[in-house]
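Observations on the model geometry
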Amino acid sequence: MTPVVRVLLFGRLRDVAGWRERIYRPAPESLSALRAMIATEDAALAAALESPGVRAAVDQVLAQGDAVLRSGAEVAFMPPMSGG
Amino acid sequence: MTPVVRVLLFGRLRDVAGWRERIYRPAPESLSALRAMIATEDAALAAALESPGVRAAVDQVLAQGDAVLRSGAEVAFMPPMSGG
Amino acid sequence: MIRLVSESFDPGAELNRFSRGRTVTGAVVSFLGLARGESGQAVALELEAYPGFTESEIAAFVDAAIDRFGLQDAAVIHRVGPIPPGEPIVLVLTAAPHRREAFEGCDCLMDYLKSRAPLWKKEHGADGSRWVEPTARDLSDIERWA
Amino acid sequence: MIRLVSESFDPGAELNRFSRGRTVTGAVVSFLGLARGESGQAVALELEAYPGFTESEIAAFVDAAIDRFGLQDAAVIHRVGPIPPGEPIVLVLTAAPHRREAFEGCDCLMDYLKSRAPLWKKEHGADGSRWVEPTARDLSDIERWA
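Here goes a summary of the coordinates provided. (Residues numbered from 1 in each chain as written. Chains lettered and ligands numbered in written order. Predicted model: local features only at pLDDT ≥ 70, side-chain atom pairs only at ≥ 80, totals over all residues. Heavy atoms only, no water.)

Attention now goes to the interface of chain B and chain C. Across the boundary between the two partners, chain B contributes 22 residues, which contact 26 residues of chain C. Together chain B and chain C conceal approximately 1,900 Å² of surface at their shared face, both sides included; 53% is due to carbon and sulfur atoms. Looking at the side of chain B facing chain C, the largest losses of area belong to M81(B), S82(B) and G84(B), adding up to 36% of the total buried there. One salt bridge connects E48(C) with R14(B), and the closest N-O pair in it is separated by 2.3 Å. Here chain B is connected to chain C by 16 residue pairs in polar contact (both at pLDDT 80 or more). The set of elements that each furnish at least two residues to the side of chain B that touches chain C consists of β1 (5-9), α1 (12-17), β3 (55-58), β4 (61-62) and β5 (73-78) of chain B. Each residue belonging to the side of chain B that touches chain C can be placed in one class, and the counts come to 11 nonpolar, five polar and six charged. (Contact = heavy atoms within 4.5 Å. Buried area = accessible area lost by both parts, 1.4 Å probe. Salt bridge = Lys/Arg side-chain N within 4 Å of Asp/Glu carboxyl O. Polar contact = N/O pair within 3.5 Å; in protein donor to acceptor, adjacent residues only side chain to side chain. Helix = DSSP H or I, 4+ residues; strand = E, 2+ residues; numbered from the N terminus. Nonpolar A, V, L, I, M, F, W, Y, C, P; charged D, E, K, R; others polar.)

Note on the identical chains: chain D maps onto chain C by a rotation of 180 degrees and an axial translation of 0.0 Å, with an RMSD of 0.0 Å. Those values place the two copies in the arrangement expected of a two-fold rotation axis. Proximity to the rotation axis, assessed at the C-alpha, singles out G12(D) in chain D; its C-alpha lies 1.7 Å from the axis. Most of the interface of chain D is mirrored in chain C, where 100% of its interface residues are also at the interface. (Least-squares fit on C-alpha atoms with pLDDT ≥ 70 in both.)

What follows is about the nonpolar core. The nonpolar side chains of soluble globular proteins are, as a tendency, buried together. Judged by nonpolar contacts, the single largest core of 64 residues is most densely connected at F31(C), V92(C), L113(C), F31(D), V92(D) and L113(D). Apart from residues lying up to four places away in sequence, V92(D) is in contact with V29(D), S30(D), F31(D), A75(D), V76(D), C106(D), L109(D), M110(D) and L113(D). (Core = buried A, V, L, I, M, F, W, Y, C linked by side-chain atoms within 4.5 Å. Buried < 20%, exposed > 50% of the residue type's maximum accessible area, 1.4 Å probe, protein only.)

Our focus in this paragraph is the interface of chain D and chain C. Listed as interface residues are 39 residues of chain D and, on the opposing side, 39 residues of chain C. Of the roughly 3,100 Å² buried at the junction of chain D and chain C (both faces included), carbon and sulfur atoms supply 51%. Between R99(C) and D138(D) there is a salt bridge; the shortest N-O distance is 3.2 Å. Among the residues making up the side of chain D that touches chain C, the classes are represented as 16 nonpolar, 11 polar and 12 charged. As paired strands, strand β2 (residues 27-34) of chain C and strand β2 (residues 27-34) of chain D are joined by seven bridges and run antiparallel to one another. Looking across to β2(D), one finds that A27(C) is bridged to G33(D). (Pairing = 2+ DSSP bridges.)

On to the sheet that holds strand β8 (residues 128-132) of chain C, then. All names here are of chain C. A sheet is described by the order of its strands in space; here four strands give the open sequence β5-β3-β7-β8, paired in antiparallel fashion. Both outer strands of the open sheet, β5 (81-83) and β8, are each paired with one neighbouring strand and no more. With direction set aside, neighbouring strand axes in the sheet form an average angle of 25 degrees. Here strand β3 (residues 44-49) pairs with strand β7 (residues 119-125) via six bridges, running antiparallel. Within β7, the residue paired with L47 across the bridge is K121. (Axes fitted to C-alpha atoms, helices over the stretch in contact; angles between N-to-C directions.)

What follows deals with the pairing of β1(B). Residues and elements named next belong to chain B. With four of five residues buried, β1 is to be regarded as a mostly interior element. Pairing of β1 with strand β2 (residues 21-24), which is carried by four bridges, proceeds in the antiparallel orientation. Looking across to β2, one finds that R6 is bridged to I23. Pairing of β1 with β5 involves five bridges; the strand directions are parallel. Opposite L8, over in β5, you have A76 as the bridge partner.

With that settled, consider helix α3 (residues 99-115) of chain C. Taking 1.5 Å as the rise per residue, α3(C) with 17 residues should run 24 Å; its terminal C-alpha atoms sit 25 Å apart, in good agreement. When you tally the buried positions in α3(C), you get 15 out of 17 residues, the bulk of the element. (Expected span 1.5 Å × (residues − 1).)

Excluding glycine, residues mostly have negative phi values, and the peptide bonds linking residues are mostly trans. Note that the residue after R25(A), namely P26(A), is joined by a cis bond; omega there is -5 degrees. Phi is positive for D59(B), close to 50 degrees, though the residue is something other than glycine. Tracing the backbone shows D59(B) in the loop between β3 and β4. For D59(B), a relative accessible area of 30% puts it in the partly exposed group. In this model, Q60(B) sits at a positive phi of 65 degrees, which is unusual for a non-glycine residue.

Once the charged atoms of two side chains with opposite charge are near each other, the side chains can pair. Within the structure shown, the criterion is met by 48 salt bridges over all chains. Residue R20(A) pairs with E48(D) through a salt bridge whose shortest N-O separation is 3.9 Å. Of this pair, R20(A) sits in the loop between α1 (12-17) and β2 (21-24) while E48(D) sits in strand β3 (residues 44-49), on two different chains. Given the relative accessible area of 9%, E48(D) is considered buried. Among the salt bridges present, the one from R22(A) reaches E41(A), with a minimum N-O distance of 3.3 Å. Of the two residues, R22(A) is situated in strand β2 and E41(A) in helix α2 (residues 31-41); the sequence distance between them amounts to 19 residues. Given the relative accessible area of 32%, R22(A) is considered partly exposed. Several salt bridges converge on common partners, so that one network encompasses R99(C), R100(C), D107(D), D111(D), R137(D), D138(D), D141(D) and R144(D).

Residue and element names in this part refer to chain D. Across the sheet, four strands lie side by side as β5-β3-β7-β8; this open sheet has antiparallel pairing. The two strands at the open ends of the sheet, each matched to only one other strand, are β5 (81-83) and β8 (128-132). The mean inter-strand angle of the sheet, taken between neighbouring strand axes irrespective of direction, is 25 degrees. As paired elements, strand β7 (residues 119-125) and β8 share five bridges and run antiparallel to each other. From the neighbouring strand, K122 faces β8, where its bridge partner is W131.

Right under this line is the structure:
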């Protein structure tokens, strides 16, 4: 089975990309490889992912810096948060 | 009709005096005259009325210093407060 | 709205009544004070008020707090008479456009009720009864708003 | 207790459930956030969460707040999805022996929810939609607890 990575976008990132959830196949091996892959197909989204306050989580754990992605990993990109 | 003054005690002042409400007849003409009258009959209560934080109200208005008492006046002595 | 009640009251119903139908209010803060059973021991509380005077003094302070903190509304419901452990003693409610004002208004009103409102609290314990007076902490708390 | 709900909820019933049967708690503070109709105009809010992650992040912060403020209990109920004006968005409840801890715990949790919890808020107004991000005030408020 081809390794895959599921990517989730939240808040304004979704509006920038025009999608909420996407499967990347074959899977990039790291968070930085995923960012590079996104940059080749959507420069606006890649820029938004680099903007201040955007955080990434891998398998529901905040990823500090780069992170290795296992096959089937869930990657979430989250802009600045505001609840309440 | 003899002028009267109604005196109300609250909190621990009531325990010191052994009463909650009393009519003074004939009425003392001022708050200080009332305090003097109380002192002649109950030294412990008079002392308690002078202790820190005890406030007096005449006709439901806080009395600063001395105050003249009309006939039928209601005088309340209130120790330090604690609600909530 | 200031109310002294001699029976138990329903804090949730009061919160709902207070917050219902508001479309310009963003924040409602409530403080609910409960009668504690001190160190597992049942202590009955007794709250005394000076009917008429107590309500009007609290109302004057509430009005001042509404002005000071820019509240849209505030309410105080205070129990009087004997109060068994676990039952509500006091409920303070504040409504404001934003949270900071609602929190500060409620906090300030509670400091007032603890140290300056015309209410007297007696604790009946296994080793007798005592009148509760404001603690050093209560007196410094109310000074925060001077 | 952390709950994300997609339907309206009853703040009063939650307050009662949270405070019932407590005999060592003296203070319960609640913060209720309501959806405002901005300047009289109906603005629909929409709240988005990251199911699973959002609850566990909030739960970790709530646990830290319980330790830090010495709370006996704390709960967060947060609405997700579309929210009409006047309806509850969030309810935060804290229980403590004394009022200061309950107030501070609730205040701190709200600052966290406004600026760091994984929740995204969109306002749908007459002139379009916008994602709400923490204000300068929100960011300085959360710094108070650093």
